[in-house]
Amino acid sequence: MNKTELFKLLFMMAAAAALVLAIGGGINRQPRQGAGDFVFAAPELSAESGFYAEPFELEITVPEGALVYYTLDGSAPREDSRLYTEPVAISYGSGRESDVTYIENMQQDWMNGEGETHSNLATVIRAAAVYEGGVTSDIVTATYFVGQEKNRDHLIVSLVADPEDLFGDNGIYVTGRAYDEWYLGDRAGDAPTPNFFQHGEEWERPAVMELFQGKSLLQQPVGIRIQGASMREGANKRFSVYARKKYGGSGWFDTPIFGFEAGRTHSFMLRSGFMNGYIQYLVQDRDIASAQSREVIVYLNGALWYITIAQEKYSEKYFQEKYGVDEDNLVIAKAGAVESGRAEEQAMYQAMYDFLNTHDMSDPVSYEGLDRIMDIQSYIDFSCVNLYFANLDYNENKNIYCWRARKAGYGEYEDGRWRWGLYDMDLENLDYGVRMEEINTFTMDTHYAGGAFNTRPMYVALKQNPLFCRQFVLSFMDMVNTDFTVERAAGAMEDWGVTMEWWGMPADWVENFFPARTEAITGYLAEEFGLTGTRQDVRLSVSDAEAGYLTLNTITPDLSEGEWTGSYFTDYPVTVTAVANEGYRFAGWSGDVPEGVSGQQVLTVEIPEGGLKLQAVFQKEGDRQAKTR
């Protein structure tokens, strides 16, 4: 075989491989010749994705030796698609024969559901070059917003997917052929599961996601699935969005979806849930996993679909990125069952309850033993947040998320202890006869989650231990004095950056809710733990803010204003620690300091009637003259 024949053979092999990919609907895959640098060039668009004030003509550069086919409905272009022969007019939702419609797929009234129309506010074009023999290039995808300046500054997620993958017989958004045939037939036997209730990777479909804020920030091939539980029945179904290598991209989103400080993101969900997103944003400092979120406007194949919240998904990759535990070394339990389904991992989770059932938690040794199996502080933080926000839609086996490292290692979170993550904090939209601010979440029976919080096995067992009671009460008050102040809550709301009126939230909600909730829930806390003391102020300061800082129980008070004040029950002593910055040393305490301990860096001190005032005095290294106020 001579070189010319060899070249022809290799070209035919590459063309055949590319044709297989094209038929399979691969997105953004670039077929190449096996033994050379030949590339099947993709068409080029004369305008980038983004916002345009006026309609325009889009020109497509056709590679030599190819024809270009394009679509305007999100489908992958093929040889029966529109052939490009002249510039494409791009205007306000141009090029679509009809609006995107879908049926409100409630099982019980599938036949009677009213169609809902989504206005075409953007134009999506997908183009591919087709060469002799049917070899297809990469698919080029772009989204154009014409005359949509009002949305320019908002974060926009544009999803582009083949309509057949969404609304066809095997589409993930609809009931599907099997269910439809059963429903329209004699309905013998059990109803098939509607497509939109299906789970797993089999029900994931390829798509292209583009992120906009003023301009295109990211375009990446992704996989999408229907997200949620009860929301699957509704008309406006939400999606989970995954970055995966198999679609021709990366296993991570190439641009941080939630900001560089949040780190890389592997997957996120588009879900309703103002409170779920806000609460988790508010308590990022606590010993619980909490997902980042952002408000987004979602377009599907150019149609404005809804305004919702984009939120990180808990996954092995999430915990690897945030906590440094390798994804292959993670065990995750959701609603009391490990996600892997492996018996040995389920036994790891059950070990917590087995220990509780076989040990007396009032015994300090047993309590320490349990703390080696689970991070008790994480459980306390998880409970306190749910109690404060009157979340009645969870228990130890519902809307609860736990994780741990399978094998112990040297990292901070590789100790093999179970930890908790906030999950589904949307709260119950039910009438309990009292305002949310006034609900006693320690004692209130719930509609969906069984008995009251103070009847649940883990909490009942742990409450037998005096150390747990102290740790719980102090942690609760730590959060009340930091995370749940009006100043902190308002600042978090502003930083989170949502449009409150879009969610039906009054502008003064923060100013009204937090003082009222704090007043009510601290009273219930006192009743639950039999507190007989009073609430007194603890006032803390440092001699020089540049020299060091303080920790109080589980928090680091903000001393930027010179002095910090919080309110605590006198039933339990507080623990204050002075930490010197580099170049300084701790020289002692001033204020209400018990006799003989003024030089101790860590103080555990009772709160007297009238309150407690402490100042940590620091001095520069080498300076032996400590100055006090």
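Structure: see above.
Calculation criteria
- Residues numbered from 1 in each chain as written.
- Predicted model: local features only at pLDDT ≥ 70, side-chain atom pairs only at ≥ 80, totals over all residues.
- Heavy atoms only, no water.
- Pairing = 2+ DSSP bridges.
- Helix = DSSP H or I, 4+ residues; strand = E, 2+ residues; numbered from the N terminus.
- Core = buried A, V, L, I, M, F, W, Y, C linked by side-chain atoms within 4.5 Å.
- Buried < 20%, exposed > 50% of the residue type's maximum accessible area, 1.4 Å probe, protein only.
- Patch = residues over 30% accessible without salt bridge, like charges linked within 9 Å, V, L, I, M, F, W, Y side chains within 5 Å.
- Areas by Shrake-Rupley, 256 points an atom, 1.4 Å probe, with all protein chains shown as cover.
- Salt bridge = Lys/Arg side-chain N within 4 Å of Asp/Glu carboxyl O.
- Lys, Arg positive; Asp, Glu negative; His and termini not counted.
- Charge placed at Lys NZ, Arg CZ, Asp CG, Glu CD.
- Arc of directions from axis to C-beta.
- Contact = heavy atoms within 4.5 Å.
- Axes fitted to C-alpha atoms, helices over the stretch in contact; angles between N-to-C directions.
- Parallel < 35°, antiparallel > 145°, perpendicular 65-115°, else oblique.
- Left-handed = near helix turned anticlockwise from the far one by under 90°.
- Nonpolar A, V, L, I, M, F, W, Y, C, P; charged D, E, K, R; others polar.

### Regarding the pairing of strand β26 (residues 574-580)
Okay, step 1: Pairing between strand β24 (residues 548-552) and β26: five bridges, direction antiparallel. Across the sheet, the residue bridging to Y549 is V579, located in β26.
Okay, step 2: For β26 and strand β28 (residues 602-605), the ladder comprises four bridges, and the chain directions are antiparallel. The partner of T575 across the bridge, within β28, is T604.

### Thoughts on the nonpolar core
A general tendency of soluble globular proteins is for nonpolar side chains to be buried together.
Okay, step 1: By size, the foremost hydrophobic cluster in this structure holds 111 residues, and its most contacted members are W420, F472 and F514.
Okay, step 2: By size, the runner-up hydrophobic cluster in this structure holds 30 residues, among which are L155, W203, I224 and F239.

### Here's the deal with a negative patch on the surface
Okay, step 1: Negative charge collects at one region of the surface, where E316, D326, D328 and E339 lie side by side.
Okay, step 2: Its place among the elements puts D328 in the loop between α5 (316-323) and β19 (330-334).

### Quick notes on the pattern of salt bridges
Okay, step 1: Following the criterion strictly, the structure yields 21 salt bridges and no others.
Okay, step 2: For E201, the salt bridge goes to K246, with nearest N and O atoms at 2.8 Å. Of this pair, E201 sits in the loop between α3 (177-184) and β13 (205-213) while K246 is found in the loop between β15 (238-243) and β16 (267-271), placing the two residues 45 residues apart along the sequence.
Okay, step 3: E438 serves as the salt-bridge partner of R435, at 3.3 Å between the closest nitrogen and oxygen.
Okay, step 4: A residue is classified by how much of its surface remains accessible, and R435, at 46% relative accessible area, is partly exposed.

### Considering helix α7 (residues 364-371)
Okay, step 1: Within the sequence span of α7, burial applies to S366, Y367, G369 and L370. What you see down the axis of α7 is that its buried residues fit within an arc of 160°, all on one side. Turned more than 90 degrees off the buried face of α7, the exposed positions are P364 and V365.
Okay, step 2: Looking at the buried side of α7, the elements it contacts are α6 (343-358), α8 (376-388), α9 (457-462) and α10 (466-481).

### Quick notes on the packing of helix α4 (residues 274-282) against helix α11 (residues 486-496)
Okay, step 1: Running from N to C, α4 and α11 point in directions that differ by 115°, and their axes come no closer than 10 Å. As summarised for this structure, α4 and α11 are arranged roughly perpendicular, according to the angle between their axes. The hand of the α4/α11 crossing is right-handed. Contacts from F274, G277, Y278, Y281 and L282 of α4 reach α11 at R488, A489, A492, M493, D495 and W496.
Okay, step 2: Among the residues forming the contact of α4 with α11, the class breakdown is eight nonpolar, one polar and two charged.

### A short note on α4
Okay, step 1: Burial of α4 is extensive: nine of the nine residues sit out of reach of the surface.
Okay, step 2: Taken residue by residue, α4 has F274, M275, N276, G277, Y278, I279, Q280, Y281 and L282 as its buried positions.
Okay, step 3: In this fold, the buried residues of α4 make contact with β16, β17 (293-300), β18 (303-312), α8, α11 and α12 (509-528).

### Remarks on unusual backbone geometry
Okay, step 1: Even without a glycine there, the phi angle at R187 is positive, about 55°.
Okay, step 2: Turning to its location among the elements, R187 is positioned in the loop between α3 and β13.
Okay, step 3: Despite not being glycine, N553 shows a phi value in the positive range, around 55°.

### Focus: the pairing of β15
Okay, step 1: Of all six residues making up β15, six are buried, and the element is well covered by its neighbours.
Okay, step 2: Because side chains alternate across β15, one face comprises the buried residues R238, S240 and Y242, and the other comprises F239, V241 and A243, equally buried.
Okay, step 3: Note: strand β14 (residues 215-227) against β15, six bridges, orientation antiparallel. Across the sheet, the residue bridging to I224 is V241, located in β15.

### As for the packing of α6 against α7
Okay, step 1: α7 packs onto α6 with a crossing angle of 175° between their chain directions and a minimal axis gap of 10 Å. As summarised for this structure, α6 and α7 are arranged roughly antiparallel, according to the angle between their axes. Contact residues: M352, F355 and L356 in α6; S366, G369 and L370 in α7.
Okay, step 2: Looking at side-chain class alone, the contact of α6 with α7 contains four nonpolar, two polar and no charged residues.

### Looking at the sheet that holds β19
Okay, step 1: Spatial strand order, β20-β19-β21-β22: four strands in an open sheet with antiparallel pairing. Every interior strand has two partners, whereas the edge strands, β20 (337-338) and β22 (419-421), have only one.
Okay, step 2: Where strand β21 (residues 401-405) lies against β22, three bridges are found, and the strand directions are antiparallel. Bridge assignment links C402 to a residue of β22, and that residue is W420.
Okay, step 3: Contacts from α5 reach β19 and β21, with the element oriented near 120° to β19.

Coordinates in, geometry out; function isn't part of it.
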